[in-house]
Amino acid sequence: LYAKKYKGYYVCMNILARALAGSYCNFGAMSYYKDDALDQALDVVIKMALSVPIDDLLGLAKLGTAYYNLMETLFNSHCQTLASLETNAFLHLAHSLEEAIKSVELNKQSVCSAMA
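Given the structure is predicted, the values throughout are model-derived calculations rather than measurements.

Calculation rules
- Every chain begins its residue count from 1, and numbering advances along the sequence as written.
- Under the rules for a predicted model, residues below a pLDDT of 70 receive no local features and side-chain atom pairs below 80 are neither given nor counted, while totals for whole chains, interfaces and linings still include all residues.
- Excluding hydrogens and water, the side-chain values take into account all heavy atoms of the structure.
- A score from 0 to 100, pLDDT tells how confident the predictor is in each residue.
- Secondary structure follows DSSP: runs of H or I at least 4 residues long count as helices, runs of E at least 2 residues long count as strands, and numbering of each begins at the N terminus.
- The method works on a 1 Å grid over the protein atoms by themselves. A cavity is a set of points holding a 1.4 Å probe that cannot get out, a pocket is an open set with protein on both sides within 12 Å along at least five of seven lines, and residues with an atom within 4 Å of a point line them.
- Grid points are joined across faces, edges and corners, and a volume is the space filled by probe spheres set on the points.
- Classification used: nonpolar for Ala, Val, Leu, Ile, Met, Phe, Trp, Tyr, Cys and Pro, charged for Asp, Glu, Lys and Arg, polar for all others including Gly.
- Aromatic contacts are taken between Phe, Tyr and Trp rings whose centres are within 6.5 Å, Trp giving its six-membered ring; a plane angle under 30 degrees counts as stacked, one over 60 as edge-to-face, and the others as tilted.
- Each residue is placed in one exposure class: buried if its accessible area under a 1.4 Å probe, protein chains only, is under 20% of its type's maximum, exposed if it is over 50%, and partly exposed if it falls in between.
- For a helix, the expected span equals 1.5 Å multiplied by the number of residues minus one.
- For this quantity, the arc is that covered by the directions from the helix axis to the C-beta atoms.
- Note on method: axes are straight lines fitted to C-alpha atoms, helices fitted across the in-contact stretch only, with angles between N-to-C directions ranging 0 to 180 degrees.
- For classification purposes, an angle smaller than 35 degrees is called roughly parallel, one larger than 145 roughly antiparallel, one from 65 to 115 roughly perpendicular, and anything else oblique.
- By definition, turning the near helix anticlockwise from the far helix through less than a right angle yields a left-handed crossing, and turning it clockwise yields a right-handed one.
- Contact between two residues is taken to exist if any of their heavy atoms lie within 4.5 Å; hydrogens are not considered.

Visitor: Describe the confidence of the model for the chain, naming the residues involved and giving the relevant values.
Guide: Should pLDDT be low for a region, the predicted coordinates there are not to be read in detail. When pLDDT is averaged across the chain, the result is 86; 88% of the residues are at 70 or more. Considering each helix and strand of the chain separately, the mean pLDDT is smallest for helix α8 (residues 106-115), with a value of 60, and largest for helix α3 (residues 37-51), with 93.

If you want it as structure tokens, here you go:
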């Protein structure tokens, strides 16, 4: 299952999280010039993230790490994007963070606790 479906998700989430967290580009200029490429990328990756069951996030270490690193980046720097999500989508993200905090894996707990 991981190799067929989730490996692509893992790569996309890692690329976007690292690009956003690394300050390689001034993404604020994109909205100034009315370039919606970042918004489209965020929309696609968030939809991908929402399609992954929480049990898979907790059970597949690489996928879970990429997901929670992306969530950390989004909650730290792109709150406006998260606030514009539908209520159910936002609640799903919040529930996934809650489940990671409850999990026994220390790495996921620390990333999610940092967002609280």
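Visitor: Report on the layout of surface pockets, specifying residues and quantitative values.
Guide: Looking at the largest pocket, its volume works out to about 510 Å³. Forming the boundary of the largest pocket are 23 residues, of which Asp39, Leu42, Gln80, Thr81 and Ser84 lie nearest the centre. Residue assignment for the lining of the largest pocket shows that the elements contributing at least two residues are α2 (28-32), α3 and α6 (79-83). Sort the elements by how many residues they give to the lining of the largest pocket and α3 lands first, with seven residues. Considered class by class, the residues forming the lining of the largest pocket number nine nonpolar, seven polar and seven charged.

Visitor: Explain the packing of aromatic side chains to me, and be specific about the residues and the numbers.
Guide: A complete count under the given rule lists four aromatic pairs for this structure. Residues Tyr32 and Tyr33 carry aromatic rings whose centres are separated by 4.9 Å and whose planes lie at 85 degrees to one another, so their mutual orientation is edge-to-face. The class of Tyr33 is exposed, set by a relative accessible area of 63%. Seen in terms of ring centroids, Tyr67 and Tyr68 are 4.9 Å apart; in terms of plane orientation they differ by 90 degrees. Their pairing is edge-to-face. Considered together, Tyr67 and Tyr68 belong to a single accessibility category, that of buried residues.

Visitor: So, helix α7 (residues 87-102): which residues are in play, and what are the values?
Guide: When the terminal C-alpha atoms of α7 are compared, their 22 Å separation across 16 residues agrees well with the 22 Å that a helix rising 1.5 Å per residue should span. Taken residue by residue, α7 has Ala89, Leu93, Ser96, Leu97 and Ala100 as its buried positions. Projection of α7 onto a plane perpendicular to its axis shows the buried side chains occupying an angular sector of 95 degrees, all on one side. Among the exposed residues of α7, those pointing more than 90 degrees away from its buried face are Thr87, Asn88, Leu91 and Lys102.

Visitor: With reference to specific residues and values, describe the packing of α3 against helix α5 (residues 61-77).
Guide: α5 packs onto α3 with a crossing angle of 135 degrees between their chain directions and a minimal axis gap of 12 Å. In terms of orientation, α3 and α5 fall into the oblique class. In the crossing of α3 with α5, the sense of the turn from one axis to the other is left-handed. On the side of α3, the interface is formed by Leu42, Val45, Ile46 and Ala49, while α5 contributes Tyr67, Leu70, Met71 and Leu74. When its residues are assigned to classes, the contact of α3 with α5 shows eight nonpolar, no polar and no charged.

Visitor: Please provide a residue-by-residue account of the side chain of Thr73, values included.
Guide: With respect to the helices and strands, the residue Thr73 is situated in helix α5. Beyond its immediate sequence surroundings of up to four residues, Thr73 is in contact with Ala17, Leu20, Ala21 and His78.

Visitor: Could you give me a rundown of helix α1 (residues 2-21), with the residues and numbers involved?
Guide: Buried within α1 we find Tyr6, Tyr9, Met13, Asn14, Leu16, Ala17 and Leu20. Taken together, the buried residues of α1 touch α3, α4 (54-59) and α5. At the C-terminal side of α1, Ser23 shows a positive phi close to 55 degrees.

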